[in-house]
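The chain contents come next:
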Amino acid sequence: MKRILVLGAGGQIGTELVPHLQNLYGSDNVIAADLKPEVVEKLGRTSRAVMLNALDIESYAKLLKNERIDSIYNLVALLSATGEKNPQLAWNLNMGALLNSLNLAKDFNCAVFTPSSIGAFGENTPHYKTPQDTVMRPNTIYGVCKVSGELLSDYYHTRFGVDARSVRFPGIISNGALPGGGTTDYAVEVFYEVIKHGRYTCEVPKDTYMDMLYMPDALEATTQLMEADPAKLVHRNSFNVTSMSFTPEQLFTEIKKRIPSFTWDYNVDPVKAQISASWPDCLDDSCAREEWGWNPKWGMDQMIDDMLAACKKKVENGEY
Ligand code: SER
C-alpha cells in the first residue's frame, strides 16, 4: 500500500483530498501536513496530522524517512491575486516547496503531484480551446511559478527519473474549506453569499469566461493521474483539465433561476480583471482524456444544485 504525504493539507484542495486518499489507501497511510498549529490540530481530528514547513528541508526529509513516504502531494501555494501583493513571498513559497519536494523525491524515491493551473497561460496564449502544448507567457508571479514548476518537474523526471505528474487546475468550486486569494474564488463565494445575504458583489468582470471544475472531479483527476500507467503518458507536467466554462453573469443567472430573489452587482478589482482577461476562456483537455482516461462527471447544473444544498446546510449549522 502507498504511503502518502499531503503538504498544505489544510487548504481548499487538501481538506478534501486527505479523506479521498484515506478512502483509497487507508487512513494509516495518509499523513496530512500543514504549517499552522490550529490547522494541524483540526486535521488531527480526522487524520494523522503533523506540523511541517515545506521550506525546512531537514524536517521534511526526516518525516519522509520516518514515515516511509512514497507519494508526495504538494499543495503548498500562494494563489494568483495574493501573489501579486507579495511576489517575492509567492516565488519563495511556491518554488521553495516544489524544489524541496523534487529533491527529496529524488533522494527517497517518491512520486510527486503538484498542481499547475490555468494561471500558467498568458495573454498570448490562444484563449479558445487552449491546446495542451502552446504559448505560455504568463504575466502574474503565480503563473511564472506554475510554468517554472512544470518545467522543473519535467526536468526532474527526465534527468533523475522522479515520477512527477500534474494537472493544470482551473478554478475549483467546493464546499469544504474556502479558497483564498485566487481570481476564481468568486465562483465559490457567491454560493455562501446568496444563501446568507441574498446578494453578491463580484470583483471579476461580468463577461469573463474561465474554466472551472467541481471538487469531486478535481479529486478524481488527481488520483487517476497518479495511478495512470506511466507507459501511456506522453505528457507529465502538466495536463489541461476542465469540465465547464462560464462567465460570472452566466453563473449568477443560473443561480437566480433557483433563487429568484438573488441580486448581484460588480465592483471590479483591476488586478483580478487583468489576471482573468489573460487566462484561457476554455481549455482543450483531450490529451488528459486520451493519455489517462480523464472523464469529468460534474457539469454546471448539477454543480450549482449540489453547491446550493451544501452551502445552505453549512450556513444553517453556523459553519459559515
Ligand atoms: N484558482 C486559482 C486562482 O484563481 C487558479 O489556479 O488563483
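Residues numbered from 1 in each chain as written. Predicted model: local features only at pLDDT ≥ 70, side-chain atom pairs only at ≥ 80, totals over all residues. Heavy atoms only, no water.

Asker: Quick question: what am I supposed to make of the side chain of Ser101 here?
Answerer: Relative to the elements of secondary structure, Ser101 occurs in helix 5 (residues 87-108). In this structure the side chain of Ser101 is engaged in a polar contact, spanning 2.7 Å, whose partner is the backbone oxygen of Ala97. (Helix = DSSP H or I, 4+ residues; strand = E, 2+ residues; numbered from the N terminus. Polar contact = N/O pair within 3.5 Å; in protein donor to acceptor, adjacent residues only side chain to side chain.)

Asker: Would you take a moment to explain the environment of Ser59 for this structure?
Answerer: Locating Ser59 in the fold gives a position in helix 3 (residues 57-66). Placed 164 residues apart in sequence, Ser59 and Thr223 show a C-alpha to C-alpha distance of 26 Å. Side chain to side chain, Ser59 and Asp56 meet in a polar contact 2.5 Å long.

Asker: Even after reading the chapter, I still don't get the sheet that holds strand 9 (residues 167-169), so can you show me in this structure?
Answerer: Through backbone hydrogen bonds, the strands of a sheet pair up, either in parallel or in antiparallel fashion. Spatial strand order, 6-9-13: three strands in an open sheet with parallel pairing. Each edge of the open sheet is held by one strand with a lone partner, namely strand 6 (116-117) and strand 13 (239-240). Of the strand pairs in this sheet, strand 9 and strand 13 are connected by two bridges, and their pairing is parallel. Across the sheet, Val167 pairs through a bridge with Phe239, a residue of strand 13. (Pairing = 2+ DSSP bridges.)

Asker: Any chance you could explain helix 6 (residues 141-160) here in plain terms?
Answerer: Structural remark: α-helix, 3.6 residues per turn; residues separated by three or four positions point the same way. Given a rise of 1.5 Å per residue, 20 residues ought to cover 28 Å, and the 27 Å separating the end C-alpha atoms of helix 6 matches this to within 8%. Every buried residue belonging to helix 6 is among Ile141, Tyr142, Gly143, Cys145, Lys146, Val147, Gly149, Glu150, Ser153 and Tyr156, and all of these are buried. Each element contacted by the buried residues of helix 6 is listed here: helix 4 (80-85), helix 5, strand 6, strand 8 (163-165) and strand 9. Directly beyond the C-terminal end of helix 6, a positive phi value near 75° is found at Gly161. (Expected span 1.5 Å × (residues − 1). Buried < 20%, exposed > 50% of the residue type's maximum accessible area, 1.4 Å probe, protein only. Contact = heavy atoms within 4.5 Å.)

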